[in-house]
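Structural description and commentary
For reference, the chains in residue letters:
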Amino acid sequence: FDKSTEDGARFRIYQVGSIEVRTTQEADGEEEVGAVFSTRAAAGAAEECGSNVAKVDRVVKVSEYVEKTPNEARRFYVVLETDQGDAIVTEKFKDQKATWAENPAGLEYRNSMAKVIRSADLGDAHLLVRDAKRLQQELAGQRVTGSRSQCKLYAHEAFLGLLPARQKAFAALSERELQLAQELGIRSPAAWDEGRAEVFSQPWSALGTIRQEAAAGLGYTVDTWGTAARVAESKEQKSTEVKSKPDNRSFEQLSKAEQEERMARWFKEHYGGAMLDNDA
């Protein structure tokens, strides 16, 4: 795009891969960058390139981003980083298509123009790429009534689904994770989020086989078990998790409207503004 006005002002749009740059130039003046956007094209193209990341590589970090698109809507996406230095992007679009893009072109620049909503270190979670891909395929098969909130809900669920339960707030635990927590005698947000449950004061060896299996199902090991570890993790949840709701229901137990309301409240508290409804 390259257009000029009668007074000599010039407007240009450059597009390379997923990056779109808009500039202006007054008559006899220098060209100035007015805005830079990332577009949808790169995600789809990267997905078609095939897999180039080993399925047995470990996912060591996951981050959720939000970016502003050229039409001023907000798009949410999740980035997985592996122990081999690879990056994987997953997101869902308005047409219900969920993508899995490995090492997409322009990702570093795209991330620099977006805002990190939350991130988590998965270095000791022993999560493999193939397990993350399986979760993505399950989420991709879920259809949301209407398109207004599917982008942010997909990214939200993808991020939480990759975290071991021990890194989540009580309100974000799945039904299965809540059952495992109950096997440890944990039934309230305070007992879980603040590490007040009596079981956290017991050494791993004193748990017995059944409770050790429950703890392992929640992502604990002998090295990460204990009140000190739990409380330390709870301090990080303010920046990585949805705050607890008084009714203590898991995210999966909420209706779609309630899920959307919880996401909007969390977004306002952590991102400082309201979500736009017209997702790209």
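Residues numbered from 1 in each chain as written. Predicted model: local features only at pLDDT ≥ 70, side-chain atom pairs only at ≥ 80, totals over all residues. Heavy atoms only, no water.

This part is about the confidence of the model for the protein. Averaged over the protein, the pLDDT score is 78; the fraction of residues at 70 or greater is 71%. Below a pLDDT of 50 lies the segment residues 238-245, which in the model reaches 34 contacts outside its immediate sequence neighbourhood of four places, other chains included. Confidence drops under pLDDT 50 across residues 275-280; counting only partners more than four residues distant or on other chains, this segment forms 28 contacts. (pLDDT = per-residue confidence, 0-100. Contact = heavy atoms within 4.5 Å.)

Throughout the structure, instances matching the rule amount to eleven salt bridges. With a closest N to O distance of 2.7 Å, D2 and R10 form a salt bridge. One salt bridge in this structure joins R118 and E64, with 2.9 Å as the shortest N-O distance. In this pair, R118 is assigned in strand β9 (residues 115-121) and E64 in strand β5 (residues 58-68), connecting sequence segments 54 residues apart. Taken as a pair, R118 and E64 share a single burial class, namely buried. Sharing partners across several salt bridges, the network here consists of D2, R10, R12 and E31. (Salt bridge = Lys/Arg side-chain N within 4 Å of Asp/Glu carboxyl O. Helix = DSSP H or I, 4+ residues; strand = E, 2+ residues; numbered from the N terminus. Buried < 20%, exposed > 50% of the residue type's maximum accessible area, 1.4 Å probe, protein only.)

Within the secondary structure layout, V116 lies in strand β9. Along the backbone, V116 and V66 are 50 residues apart, and their C-alpha atoms lie at a distance of 6.6 Å. Dropping the residues within four chain positions of it, V116 is found in contact with E64 and Y65.

Let us now look at the side chain of D86. Take D86: it is sitting in the loop between β6 (74-82) and β7 (87-92). Here the side chain of D86 touches N103 through a polar contact of 3.0 Å, side chain to side chain. (Polar contact = N/O pair within 3.5 Å; in protein donor to acceptor, adjacent residues only side chain to side chain.)

E177, L178, L180 and A181 are the residues of helix α5 (residues 175-183) that are buried. Angularly, the buried residues of α5 cover 160 degrees about the axis, an arc narrow enough to put them on a single face. Buried residues belonging to α5 abut α7 (208-217). In the stretch just after α5, G185 is the one whose phi turns positive, near 85 degrees. (Arc of directions from axis to C-beta.)

What follows is about the packing of aromatic side chains. In the structure shown here, the tally under the stated rule is seven aromatic pairs. Taken together, a centroid distance of 6.3 Å and an interplanar angle of 50 degrees make the contact between W192 and F200 tilted. Pair check on accessibility: W192 and F200 agree, each one buried. Considering the side-chain rings of W192 and Y220, the 6.5 Å spacing of their centres and the 75 degrees angle between planes classify their relative orientation as edge-to-face. You can see W192 sitting in helix α6 (residues 189-193) and its partner Y220 sitting in the loop between α7 and α8 (227-240), a full 28 residues away along the chain. This pair shows no difference in class: W192 is buried, exactly as Y220 is. An aromatic cluster is built from W192, F200, W204, Y220 and W225, whose rings are joined through pairwise contacts. In this structure, R110 is placed above the aromatic ring of Y77, and the distance from its NZ or CZ to the ring centre is 3.9 Å. (Phe/Tyr/Trp six-rings, centres within 6.5 Å; stacked < 30°, edge-to-face > 60°. Lys NZ or Arg CZ within 6 Å of the ring centre and 35° of its normal.)

Attention now goes to the nonpolar core. By size, the foremost hydrophobic cluster in this structure holds 27 residues, and its most contacted members are V59, V62, V78, L80, F159, L162 and L163. Of all elements in the fold, only β5, β6, β8 (98-102), β9, α3 (129-140) and α4 (150-162) reach the threshold of two or more residues within this core. Among the nonpolar cores identified, the runner-up in size contains 20 residues, and L173, L184, W192 and F200 belong to it. (Core = buried A, V, L, I, M, F, W, Y, C linked by side-chain atoms within 4.5 Å.)

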